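Structural overview for review
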Amino acid sequence: NAGVTQTPKFQVLKTGQSMTLQCAQDMNHEYMSWYRQDPGMGLRLIHYSVGAGITDQGEVPNGYNVSRSTTEDFPLRLLSAAPSQTSVYFCASSYSVGRWSYEQYFGPGTRLTVT
Amino acid sequence: GEDVEQSLFLSVREGDSSVINCTYTDSSSTYLYWYKQEPGAGLQLLTYIFSNMDMKQDQRLTVLLNKKDKHLSLRIADTQTGDSAIYFCAETHGGATNKLIFGTGTLLAVQP
C-alpha cells in the first residue's frame, strides 16, 4: 500500500491564482480530511469527508472547496489564492463509522507559498 | 471554544526522561492522542488514551491523563536522539473521533 499520497510537494502561487491540491489513499478508508499547519498554531481542520459524496466544514473552511467523488480521492481547491493561505497542508485518512474514526494516517504534506 | 495548549520547546540529554505536557478544554473528549512529526514529514500516531483511563504505558512511552484538570502528559523514557521531533497532542472535538483539535506542538531537542 502507498498509504496517503499528496501532490505536489511544493507549490508557489501568485495572489488570485487557483489550484488544486491532490490527495489519494489506497486503504479504502471512508474518512478523509485536510489540515493546514501554521507556525505556533498546530494543525487546523479545513474540511473533511465521511464517505464518497459527503463533505463538511472544519475549523477554517473559508477560501477552500472540496469534493469527494470517489473513496480514494479528496482534492482541495483554492479558488483565488491569498497570502494568508501560505501554509503546509496535510491530508489524512482513517477507517471510520459515523462520528467514530480510528487512527488517522497522514500524507507527507504540501508546502504552499502564495506571493 | 476548544483550545489545546502545549509548551513550545523542551531540551533534554540523551538517556534522560522527557515529559511533554498538554492541557485541553473539551470535557467531552473521548480520546486524546499524541502524534510525532519528524522534519519534512507528516504526523505519525504514537499513542492514544481513552478518556476513562488514567494511564497508559507502551514500551518507552507513558501517557498520564488528569481528567479533572484536563491535563495530558507524554513521558518518554531513555530519550534517544531519534526522538528529536515535534510532538502534538490532540483531542476529539465534541466526542467525535473523526474531528481532532491539535495543540501547537512541542519541539523536543535531544542533546547527545
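Thresholds, definitions, all that
- Here the residue index of a chain counts from 1 through its sequence in written order.
- Written order determines the labels here, with chains lettered from A and ligands numbered from 1.
- At least 70 in pLDDT is required for a residue's local features to be given in this predicted model, at least 80 for side-chain atom pairs to be given and counted, and no such filter applies to totals for whole chains, interfaces and linings, which use all residues.
- Each side-chain value is derived from all of the structure's non-hydrogen atoms; neither hydrogens nor water enter the calculation.
- Per the convention used, a helix needs a DSSP run of H or I reaching at least four residues, while a strand needs a run of E reaching at least two, with both numbered from the N terminus.
- Radius of gyration: C-alpha atoms only; globule rule: 2.2 Å multiplied by the number of residues to the exponent 0.38.
- Relative accessibility decides the category of a residue: with a 1.4 Å probe and only protein chains considered, values under 20% of the type maximum give buried, values over 50% give exposed, and everything between is partly exposed.
- In short, Shrake-Rupley with a 1.4 Å probe defines the accessible areas, and a residue's cover is counted only from the protein chains shown.
- In this tally, Lys and Arg are treated as positive and Asp and Glu as negative; His is ignored, and so are the chain termini.
- By convention, the charge on Lys lies at NZ, on Arg at CZ, on Asp at CG and on Glu at CD.
- We count a salt bridge whenever a side-chain nitrogen from Lys or Arg sits within 4 Å of a carboxyl oxygen from Asp or Glu.
- Pairs of cysteine sulfur atoms within 2.5 Å are what we label disulfides.

**Digging into the overall build of chain A**
Regarding its fold elements, chain A presents zero helices and 13 strands. Sequence-ordered secondary structure for chain A, helices as α and strands as β, is β-β-β-β-β-β-β-β-β-β-β-β-β. Here the C-alpha atoms of chain A give a radius of gyration of 13 Å, agreeing with the 13 Å that 2.2 N^0.38 yields for 115 residues. Principal-axis analysis of the C-alpha atoms gives chain A an extent of 40 × 30 × 25 Å. Counting the 115 residues in chain A, one finds 46% classified as buried. Total accessible area computed for chain A in this model is approximately 5,400 Å², and 53% of it derives from carbon and sulfur atoms. Taking the average place of the 8 positive charges on the side chains of chain A and the average place of its 8 negative ones, the gap between the two points comes to 11 Å.

**Observations concerning the pattern of salt bridges**
A complete count under the given rule lists five salt bridges over all chains for this structure. For Lys68(B), the salt bridge goes to Asp69(B), with nearest N and O atoms at 3.6 Å. A relative accessible area of 73% places Lys68(B) in the exposed class. In this structure Asp69(B) comes out as partly exposed when scored by relative accessible area, which is 45%. Here the salt bridges do not stand alone but share partners, grouping Arg36(A), Asp38(A) and Arg44(A) into one network.

**Some thoughts on the state of the cysteines**
Residue and element names in this part refer to chain B. Here the structure, examined in full by the defined rule, presents two disulfides over all chains. One disulfide bridge connects Cys22 with Cys89, the sulfur atoms lying 1.9 Å from each other. On the S-S bond that ties Cys22 to Cys89, the torsion sits near 70°, and the link is right-handed. Of the two residues, Cys22 is situated in strand S3 (residues 18-24) and Cys89 in strand S9 (residues 85-93); the sequence distance between them amounts to 67 residues. You can call Cys22 buried: its relative accessible area is 2%. A relative accessible area of 1% means that Cys89 is categorised as buried.

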